[in-house]
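These are the residues of each chain, in order.
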Amino acid sequence: MATELEELIDFLSSPSPPVKRAAVDIVRGLTGSEDGMQSLAKYSKILLTKLSHLLGDPKEVSEPAAESLINLSQNSDLAGEMISLRLFNTAMEILYKPESPIKRLLVMLLVNLTQLDAGISSLLQIEDEKMHGLYVMKLVRSFCRTPDERQGDPFEHVGSILINISKKEAGREVLLDPKRGLLKQIIMQFDSPSLLRKRGVAGAIRNCCFDAETKLPNLLLTSEFLWPALLLPVAGNKIYSQEDTSKMPSELASALSIERESITDTEVRVHAIEAIYLIVLQLVESSGIE
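Calculation notes
- Residues numbered from 1 in each chain as written.
- Predicted model: local features only at pLDDT ≥ 70, side-chain atom pairs only at ≥ 80, totals over all residues.
- Heavy atoms only, no water.
- Phe/Tyr/Trp six-rings, centres within 6.5 Å; stacked < 30°, edge-to-face > 60°.
- Lys NZ or Arg CZ within 6 Å of the ring centre and 35° of its normal.
- Axes fitted to C-alpha atoms, helices over the stretch in contact; angles between N-to-C directions.
- Helix = DSSP H or I, 4+ residues; strand = E, 2+ residues; numbered from the N terminus.
- Parallel < 35°, antiparallel > 145°, perpendicular 65-115°, else oblique.
- Left-handed = near helix turned anticlockwise from the far one by under 90°.
- Contact = heavy atoms within 4.5 Å.
- Nonpolar A, V, L, I, M, F, W, Y, C, P; charged D, E, K, R; others polar.
- Salt bridge = Lys/Arg side-chain N within 4 Å of Asp/Glu carboxyl O.
- Buried < 20%, exposed > 50% of the residue type's maximum accessible area, 1.4 Å probe, protein only.
- Expected span 1.5 Å × (residues − 1).
- Patch = residues over 30% accessible without salt bridge, like charges linked within 9 Å, V, L, I, M, F, W, Y side chains within 5 Å.
- Areas by Shrake-Rupley, 256 points an atom, 1.4 Å probe, with all protein chains shown as cover.
- Lys, Arg positive; Asp, Glu negative; His and termini not counted.
- Charge placed at Lys NZ, Arg CZ, Asp CG, Glu CD.

This brings us to the packing of aromatic side chains. Per the stated rule, a full pass over the model turns up one aromatic pair. One residue, Lys-138, lies across the ring of Tyr-96, its end atom 4.5 Å from the ring centre. Sitting over the ring of Phe-190, Lys-198 keeps its end group 4.9 Å from the ring centre.

Next up, the structure:
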């Protein structure tokens, strides 16, 4: 005889919309507690499959399904199962359907999944030479578009994905590839008023700088945007005179000579300082200065 949970999970594929909606709402509630998560985990494979099939449904069903998956993906074992079930492919496909009402939630799900090495590999499409990096390019392109005020900012959490993937060498390879030009696009988002975007950009730059020893020329190709993004967080709001800026690169001199607000967020400032240190360290070593 089926247990209550098995019957509940079975209702997720009910042909009756009200029954399916009620079932997914109950599942979402259960994923909000540790006890509920542990109970659902016993049926993880069928549960995750059924929830993923609901992501393309109308908002009243797809939204609680996505929120359930986000909650469940905080468990690394369940997140690993989602990756094995190719949830990345499903999420990316639905994310780029114009009518999808859960874009922000899908991006948040990808943030959780890319905290695992297997998730990073899936997003980078490492095993598919022809498709390698395509998902990342699509996400960066969406991240760099001006948000539609009517829809909010569904792609601002992409910044967190960029931090996750840039922790791995394969991710940094994609971001620093001059032919793709992704790093330049990402850095330009540092001017965004969104703190979440600023943190994502600063963290991704900082991680990319760990490859300064071998990728310094690629980093410096973006210097027009890189130096202002790194130095403004630590420069305060002082307006520098022409005499002060006369020996600075023009892009930095321009940024420091105009009125601006101080960047006070500790996370952004620490990432910027660490990136500057890594770049300067490599510049000094390559110049032979002791």
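Turning our eyes to something else, we now look at the packing of helix α1 (residues 4-11) against helix α2 (residues 17-30). Following both chains from N to C, one finds α1 and α2 inclined at 125°, their axes separated by 8 Å at the closest point. One element, α1, and the other, α2, form an angle in the oblique class. The way α1 lies across α2 gives a crossing that is left-handed. Residues Leu-5, Leu-8 and Phe-11 of α1 form the contact with α2, whose own contacting residues are Val-19, Lys-20, Ala-23, Ile-26, Val-27 and Leu-30. In terms of residue class, the contact of α1 with α2 is built from eight nonpolar, no polar and one charged.

Counting across every chain of the model gives 13 salt bridges. In this structure, Asp-25 engages Arg-28 in a salt bridge whose closest nitrogen and oxygen atoms are separated by 3.1 Å. A residue pair is termed a helical-turn pair when its members lie 3 or 4 positions apart in one helix, as Asp-25 and Arg-28 do in helix α2 at three residues. Classification of Asp-25 by relative accessible area gives partly exposed; the value is 32%. Residues joined in a network through salt bridges with shared partners are Asp-25, Arg-28 and Glu-67.

This part is about unusual backbone geometry. The phi dihedral of Arg-86 falls on the positive side, at around 60°, and the residue is not glycine. The phi dihedral of Gln-125 falls on the positive side, at around 55°, and the residue is not glycine. As for its placement among the helices and strands, Gln-125 is situated in the loop between α9 (117-124) and α10 (134-143).

Moving on, we get to the packing of α9 against helix α11 (residues 158-165). Direction vectors running N to C along α9 and α11 enclose 110°, while the axes themselves pass 10 Å from each other. Between α9 and α11, the angle falls in the class roughly perpendicular. The segment α9 lies against α11, with Ile-120, Leu-123 and Leu-124 engaging Ile-161, Asn-164 and Ile-165. Taken together, the residues that form the contact of α9 with α11 break down as five nonpolar, one polar and no charged.

With 14 residues, α2 ought to run about 20 Å at 1.5 Å a step, and its terminal C-alpha atoms sit 20 Å apart, in line with that. On the buried face of α2, the contacting elements are α1, α3 (34-41), α4 (44-53) and α5 (59-72).

Okay, the environment of Ser-121 next. Its place among the elements puts Ser-121 in helix α9. A relative accessible area of 33% means that Ser-121 is categorised as partly exposed. Considering only alpha carbons, one finds Ser-121 and Leu-195, 74 residues apart in sequence, at a separation of 27 Å.

All right, on to a negative patch on the surface then. A grouping of Glu-4, Glu-6, Glu-7 and Asp-10 is seen on the molecular surface, where their side chains present a negatively charged patch. As for its placement among the helices and strands, Asp-10 is situated in helix α1.

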